[in-house]
Amino acid sequence: MVNGTHFQMLIDHVEKGGGTLVFLGDPHQLPPVEGSAPFLSLSRLVGYAKLTEIKRQREEWARTASELFAVGEAGEALRLYDERGLITKSPNKDAALLALVADWAKENLHTPRRAAILTLTNAECDTANQLCQRRRLESVPEKRRVAVTATDTREDGLHTCQLYRGDRVMFTRNSNKLNVSKGTGGTVVEVVRHSNSIRVETDRGPVVEVSLDDFPHVRLGYAMTSYRSQGSTFEDAYLHVGGFMQNLPQSYVQATRAKGTTRFYTTTDLLSEYQDTQTSVLAKQMSERPDLRMAMDLFVDPQRVNKNRQTVVERLLDDWEQKFIGERQQTLIVTDNQQQAEEL
């Protein structure tokens, strides 16, 4: 997720040092939050090698579903999950999140590290984390519930949470002293109230002692947003889906994090028992492609047209598929003559 400004800075440094820049990624996944997304455009410009074999999902049908999400066929992918009873529909989003946490607790209450809860927004993530913590504390005698307070900062202000022994947590900033980076997960193994500190067994292995007065950048980590989950692998995944932020990159990332079982939780207005999964509102939301084209993508050098027409035709078809897959009946390609139209 490198935006245009940072990409240019990187290129400048590499050029000054006389090096060669090799970049890798997946243009189907989530783009940068800020600025342009040059990865896809540069890939088309300079060429690329592509990995096509999916390794993460164990079952063949799940690997097929991942491939369908990758090419924008979210409706067909959802059908595969629906046939296996892996989509739960609720009257509203709050009820969907409650259903998700209830199912998560049945199998992961005492082993929360093995499964991920993925949401679209920070607000949904905060609610899911609080619900998971509440469910876990129900099995802990009240006299053993010793908590400390972590007050982190974020774009919309302060974020405060109570942390108990056994909680899943996530670090939100880098720390060389603690040897943790933004996004590192872990489990609280000890709470020391008098010093307002915790000891965390990180997912990387070592146990670190964190003074929350000196380094308060810790939050509950039962749930995370789709953006935060990129690059991670879990045994199972529970997805809270649907809404204005749902699109194809979000859907692709959400649906491909788990090796084992992935479950979807949504609302009946997006996918009811009377709707065909493939043509549902949810399928349409999950198939929407953000426009990641840059200015150079909208310009075709006239010399290329004269030199290699086939290259231009391939570029046209590629652009058309990237932008309009799923909406092909609503588009029109204009050519110079009937022969060209028939060829296309």
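A.B. asks: Whenever I open this one, the sheet that holds strand β1 (residues 87-90) confuses me. Can you help?
C.D. replies: Think of a sheet as strands paired side by side through backbone hydrogen bonds, with each pair either parallel or antiparallel. With parallel pairing, the 5 strands of this open sheet are ordered in space as β1-β12-β11-β2-β10. Each edge of the open sheet is held by one strand with a lone partner, namely β1 and β10 (223-225). When strand polarity is set aside, the average angle formed by the axes of neighbouring strands in this sheet is 25 degrees. As judged from the 4 bridges shared by strand β11 (residues 236-240) and strand β12 (residues 262-267), these two strands associate in the parallel manner. Counted as the bridge partner of A237 is T262 from β12. Docked against the sheet, helix α4 (residues 74-83) engages β1 and β12, running at close to 90 degrees with respect to β1.

A.B. asks: Would you take a moment to explain the pairing of β12 for this structure?
C.D. replies: A regular strand carries its side chains on alternate faces of the sheet. Here β12 lies mainly inside the structure; 5 of its 6 residues are buried. Note that β1 and β12 share 4 bridges and pair parallel. In the strand pairing of β12, I87 is matched with F264. Tracing the backbone out of β11, into helix α8 (residues 248-255) and back to the parallel element β12 gives a crossover that is right-handed.

Cut-off values and rules
Residues numbered from 1 in each chain as written. Predicted model: local features only at pLDDT ≥ 70, side-chain atom pairs only at ≥ 80, totals over all residues. Heavy atoms only, no water. Pairing = 2+ DSSP bridges. Helix = DSSP H or I, 4+ residues; strand = E, 2+ residues; numbered from the N terminus. Axes fitted to C-alpha atoms, helices over the stretch in contact; angles between N-to-C directions. Contact = heavy atoms within 4.5 Å. Buried < 20%, exposed > 50% of the residue type's maximum accessible area, 1.4 Å probe, protein only. Right-handed = clockwise from strand over helix to strand, strands pointing away.

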